[in-house]
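One letter stands for each residue in the lines below.
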Amino acid sequence: MRSQSRRAPLAAALAVALLGATACGAEEPAAPEAAPRAEQPPEAALAGDWLSEQLTDGVVRNEQYDFDDHGLSIDVALALRALGGHESTVAQVADALDGAVEAYTSGGTDGLYSGAVAKLASFMTLAGEDPTDVGGADLVERLEGLVSSRPASTGRLQDTAPGADVSNTIGQAFAAHALAAAGSAAAEPVTDYLLEQQCAEGWFRLLLTEDARAADQSCDAGAAARTDDRSVPDTDATALVVLSLLELEDPSPQVVAAVDRAAAWLVEQQAADGSLTGEPASGSTVASANSTGLAGWVLGRLGSCAEAARAAQWLSDLQVPAGEREAGAVAYEEAAYDALPGTGRITTPERDQWRRATAQAAPALEHLEPGRCEAGS
């Protein structure tokens, strides 16, 4: 795997568009690179340390089902990268995945899962590695080969692994970043198709139109059909798409507008206590650390400081405090926190959920300190 210099995302255009009424310090804007960053809150540092401890030789091992969880390993590494100060651990994850390309992207089949290829290519790019040479594989070329060129579905990712096509909007977002960073001609149609998955209200749906031959595969078309249960609001998908779009070096006006609408929608979904639910349309009132963490991460990066701080405060109430056995871990929800055994040790069956919740919550915990809420942070 050939190392390359880390690309610096040019999110300035997005920051200008999004530092509006909700941005703190808007009356005296300062260039992000010139503003001193506050010391990391202890809650964020604890979460980062706990996540690092979940890795064994660069991968998360699922002890319950006895397999290496490469996708979750990437989630952990992305959280550690966002927190900063864990460069060697992120590099260790990248090195481990260098030897697991086929296992992760093919799942042991003769085909490829487009979402896994896209996620790995995007992560390797963010880790400062060359995505065209990962374990001897050119992930950019592989990803380009998974992009539809059919008129009705131009730019849509498609799996070649046997069985149902499970490609979705999150994989589409990873692909948009990875291909754009590589200067691929496929980046534009992939991004265009991704933006079509945003409904008029601002949210992105998770599932793509089931019929890849449909004339109109947009979110709005699915919502208008009323029989399409795929066009429903998804907090996690919306936040993850925005995080990928924020990594684009030269965002188009369409991308800027899409992020603006998505951020406004996320703010509207936030409860007074700072929390968010995963699927608002379902009527569920059970908030989760995953959804609240991802939304808080996004809003903090975009300068929505008050909203980011409320999300971080809610998350901190679900975090195992310093001095405890699992200090730094964040529970998925209040019930999971309350169910932590008296020994203080997270049980093997429950550890996977805690790892996923903490990986998505950790970057948001930085915003407990207002000084760390700034565009591009």
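The structure presented is a predicted model; accordingly, all values stated were derived computationally and were not measured. (Residues numbered from 1 in each chain as written. Predicted model: local features only at pLDDT ≥ 70, side-chain atom pairs only at ≥ 80, totals over all residues. Heavy atoms only, no water.)

Asker: I'd like to hear about the sheet that holds strand β3 (residues 67–69), residue by residue, with values.
Answerer: Strand order in the open sheet formed by three strands is β1-β2-β3, and the pairing between neighbours is antiparallel. Looking at which strands have only one partner, the edges of the open sheet turn out to be β1 (55–56) and β3. (Pairing = 2+ DSSP bridges. Helix = DSSP H or I, 4+ residues; strand = E, 2+ residues; numbered from the N terminus.)

Asker: How would you sum up the pairing of strand β2 (residues 59–62)? Please name residues and give values.
Answerer: Note: β1 against β2, two bridges, orientation antiparallel. Bridged to Leu55 within β2 is Val60. The loop that links β1 with its antiparallel partner β2 comprises two residues; one of these, Asp57, has a positive phi angle of about 55°. Examined bridge by bridge, β2 and β3 share three bridges and lie antiparallel to one another.

Asker: I'd like a description of unusual backbone geometry, backed by residues and values.
Answerer: Among all residues except glycine, the phi angle is most often negative; among peptide bonds, the trans geometry is most common. Unlike most non-glycine residues, Asp57 shows phi in positive territory, near 55°. For Asp57, the position within the fold is in the loop between β1 and β2. A residue is classified by how much of its surface remains accessible, and Asp57, at 64% relative accessible area, is exposed. Residues other than glycine seldom take positive phi values, yet Asp66 does so here, at roughly 60°. (Buried < 20%, exposed > 50% of the residue type's maximum accessible area, 1.4 Å probe, protein only.)

Asker: Could you give an account of the packing of helix α8 (residues 169–181) against helix α11 (residues 235–245), naming the residues involved and the relevant values?
Answerer: Remark: α8 packs on α11, axes separated minimally by 9 Å, with the N-to-C direction vectors making an angle of 5°. For the element pair α8 / α11, the angle class is roughly parallel. Every residue of α11 that contacts α8 at Thr169, Ile170, Ala173, Phe174 and His177 is listed here: Ala237, Leu240, Val241 and Ser244. (Axes fitted to C-alpha atoms, helices over the stretch in contact; angles between N-to-C directions. Parallel < 35°, antiparallel > 145°, perpendicular 65-115°, else oblique. Contact = heavy atoms within 4.5 Å.)

Asker: Go over the confidence of the model for the protein chain with me, naming the residues and quoting the values.
Answerer: With 87% of its residues at a pLDDT of at least 70, the protein chain reaches an overall mean of 89. Here residues 1–37 is modelled with pLDDT under 50, and outside its nearest four sequence neighbours on either side it reaches 66 contacts, counting other chains as well. (pLDDT = per-residue confidence, 0-100.)

Asker: Give me helix α12 (residues 253–269): which residues, what numbers.
Answerer: Counted at 1.5 Å a residue, the expected span for α12 with its 17 residues is 24 Å, and the 25 Å between its end C-alpha atoms agrees. Among the residues making up α12, those that are buried are Val255, Val256, Ala258, Val259, Ala262, Ala263, Trp265 and Leu266. (Expected span 1.5 Å × (residues − 1).)

Asker: Give a detailed account of the state of the cysteines, specifying residues and quantitative values.
Answerer: All told, the structure shown has one disulfide when counted by the stated rule. Each disulfide pairs two cysteine sulfurs, and for Cys199 the partner residue is Cys219, the sulfurs being separated by 2.3 Å. Between Cys199 and Cys219, the S-S dihedral sits near -100°, and the bridge is therefore left-handed. Here Cys219 lies in helix α10 (residues 219–225) and Cys199 lies in the loop between α9 (187–195) and α10, a separation of 20 residues in the sequence. The exposure classification of Cys199 matches that of Cys219, with both residues buried. (Disulfide = S-S within 2.5 Å.)

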